[in-house]
Amino acid sequence: MDLLDAYGGEHSGSGSEGEAPIKLNINVSAAPPVDTRGLVMYDDKAVSASELRKLQDPTARKVMYNLPYKDMHAPIAGPAHPFQKDGLAAGSRNHFSGHVEDTGLNPFHFDDQYNSFHAKNYGHAPGSQALIGKGLEAAGRNNDAETQLGIKRRKTTAEKKAEAEQKAMQCSALDPSQPFTLSQRQPWAAKVAEVSELTEQQKEYLAKLEEEKAEKASASEVKGPTTIWHGKEKSDYQGRSWLAGPKDKRSESDYCYLPKKWVHTWSGHTKGVNAIRFFPKTAHLLLSAGMDGKVKIWDVYGSKKCMRTYLGHSKGVRDAVFSNDGSRFVSTGYDKNIHVWDTETGKVIRTFNTGKVYYCVTLHPDDAKQNVLMAGCGDKKIYQFDIDTGDTVQEYNYHLGPVNSVTFVDQGQRFVTTSDDKSIRMWEYGIPVQIRYIADPSLHSCPVVTSSPNNDYLLMQSMDNQVISYACKDKFKLLKNKTFKGHNTAGYACQVNFSPDRRYVMSGDSEGRCFFWEWSKPQRIVRTIKAHDGVCIGCAWNPMESSKVATCGWDGLIKYWD
């Protein structure tokens with residue numbers, strides 16, 4: 001450095017003024033050039049991208065280069081870190097006791113092996129049928145040992161062949177010339193049947209069970225129709241039958257009034273009541289047909305109690321009607337039977353059964369033809385029976401569905417029928433050919449039809465929530481201005497009826513109400529009564545007491561209104 005300073009001094013002194021000093025370049029590196037392409041600074045060091053991938057921390061939140069897709073999804077590899085709780089420290093360990101792999105195993109077999117190993121200390125070896133474990137030596141049955149659930153090892157081919165030969169020998173015919181042992185031919189011969197004798201207490205218990213079975217069998221046997229009398233006396237002090245009406249009872253008025261209050265309830269049916277009918281002319285008795293298979297008759301004017309119960313149907317009673325004098329009535333039920341009853345004694349006069357369900361029954365209105373019974377059947381026919389002889393006189397077969405109603409008009413010379421086929425047909429009595437057929441696209445099924453007191457009009461309960469009217473005196477035609485609406489009867493065969501003076505029309509309702517309309521003003525509902533909790537299926541006006549009405553419903557009650 002001294003030489004350099006001296007050299008600089010001499011050169012500066014000897015030079016002319018204005019000349020710049022000479023500078024030496026001593027910062028030139030003597031190292032060869034290095035290619036820095038592909039290098040990345042990582043922790044103040046230049047590292048190649050391939051090395052950086054190896055050094056990359058899998059838990060890092062910041063990546064210093066663009067990772068390829070395969071590297072992003074590559075599994076973590078490398079030795080486990082002794083002080084790191086996650087990541088590589090776990091290695092292939094996924095359980096606190098080691099590594100657990102998923103495999104498909106039936107739960108039954110898993111439970112079998114688990115319980116066998118813990119209970120008997122042996123089980124099936126994995127991948128083979130051999131049983132292993134310390135418990136085999138204690139059990140002393142290595143080959144025939146069972147698991148906890150009773151699963152034995154599979155038998156070998158030789159064992160199966162030996163068993164098949166043994167069974168074949170036991171099933172073959174016996175050859176006396178060949179030697180055999182009894183156990184070979186009859187494996188059960190060595191077993192002695194152990195039969196213990198019953199004690200006295202056990203014998204008494206078995207005898208009691210046999211008696212109970214016999215009683216149940218006798219109770220379930222089909223018995224004939226019977227009757228139960230509930231009244232006090234069957235005749236009064238003058239010898240008159242209980243069926244005779246009161247002589248002092250007269251019609252209160254020819255003018256009918258709407259009922260206002262609930263005055264009485266008849267309860268005795270265990271199920272719903274399908275129909276009610278007043279006794280002809282005097283109306284001192286009320287007939288009811290119940291879904292419990294019973295027909296009951298009730299007193300109306302006196303004690304208002306049940307007088308007699310008629311037991312003859314094994315299923316619900318569909319309909320019941322009186323004869324003109326009330327001495328007999330006809331009932332039909334879902335047990336496919338029609339019974340003709342003697343009202344006074346309760347005896348069955350005649351029974352009709354064709355194997356089909358009858359939905360309605362009607363007697364001829366002529367007093368001289370009270371032996372003629374018309375029945376609408378579920379097989380699309382109307383049957384005409386003779387009660388006196390029990391014969392089927394005529395069949396009327398034109399309907400396309402079950403027949404719901406049969407109503408006589410024109411003094412019994414013709415009758416009108418309705419069906420589920422949504423048609424109305426008129427017939428000449430005794431001639432199985434229809435004389436009038438009414439079917440309209442707007443016409444609905446009419447399951448209930450009622451005639452007016454003077455037989456000039458017919459009321460039909462239509463399934464579109466309205467009551468339609470037909471004139472049947474001179475010409476059978478629809479009265480369009482006599483349609484009664486406002487109630488809800490869709491799906492229910494609610495009974496519709498006239499008042500005795502034909503001033504009012506009444507009908508039941510699916511919501512338990514009873515509706516009243518004026519015949520002259522069909523659009524006007526004059527009164528509505530909430531009669532029953534369930535469906536109000538039937539209603540009838542007392543012909544003697546002009547302001548009293550009876551209703552029945554599926555709640556099992558019959559109510560009387562004044």
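Residues numbered from 1 in each chain as written. Predicted model: local features only at pLDDT ≥ 70, side-chain atom pairs only at ≥ 80, totals over all residues. Heavy atoms only, no water.

An unreviewed UniProt entry lists the protein under the name Pre-mRNA-processing factor 17, with Chlamydomonas euryale as the source organism.

Draft legend 1. Geometry of the nonpolar core. Within the largest apolar cluster, 18 residues are counted, with the highest numbers of intra-cluster contacts made by Ile 276, Phe 278, Leu 286 and Ile 558. Put simply, the parts of the chain that give this core at least two residues each are β7 (273–278), β31 (536–541), β32 (549–553) and β33 (557–561). Counting residues per element, this core draws most heavily on β7, at three residues. Not counting residues within four places of it along the chain, the set of residues in contact with Ile 276 comprises Leu 286, Leu 287, Ser 288, Gln 495, Gly 538, Cys 539, Ala 540, Ala 550, Thr 551, Cys 552 and Ile 558. Phe 279, Ala 289, Ile 297 and Met 307 belong to the second largest nonpolar core, which has 15 residues in total. (Core = buried A, V, L, I, M, F, W, Y, C linked by side-chain atoms within 4.5 Å. Buried < 20%, exposed > 50% of the residue type's maximum accessible area, 1.4 Å probe, protein only. Helix = DSSP H or I, 4+ residues; strand = E, 2+ residues; numbered from the N terminus. Contact = heavy atoms within 4.5 Å.)

Draft legend 2. A look at unusual backbone geometry. Residue Asn 455 is not a glycine yet carries a positive backbone phi of 60 degrees. Relative to the assigned elements, Asn 455 resides in the loop between β23 (448–451) and β24 (457–462). Notably, Arg 502 is not glycine yet its phi reads approximately 60 degrees, a positive angle.

Draft legend 3. Broad picture of the pairing of strand β10 (residues 306–311). The element β10 is largely enclosed, with a buried count of five among its six residues. Taken together, the four bridges between strand β5 (residues 226–229) and β10 define a ladder with antiparallel strand orientation. Paired with Ile 228 across the strands is Thr 309, a residue of β10. In this antiparallel pair of consecutive strands, strand β9 (residues 294–299) and β10, the connection spans six residues, and Lys 304 shows a positive phi of 60 degrees. (Pairing = 2+ DSSP bridges.)

Draft legend 4. Representation of the sheet that holds strand β6 (residues 262–267). One open sheet accounts for four strands, arranged β6-β33-β32-β31; its pairing is antiparallel. With partners counted over all chains shown, the strands left at the sheet margins are β6 and β31, one partner each. Going from strand to strand, the sheet's axes swing by 20 degrees on average, the running direction of each strand aside. Examined bridge by bridge, β6 and β33 share five bridges and lie antiparallel to one another. Bridge pairing links Trp 266 to Ile 558 in β33. (Axes fitted to C-alpha atoms, helices over the stretch in contact; angles between N-to-C directions.)

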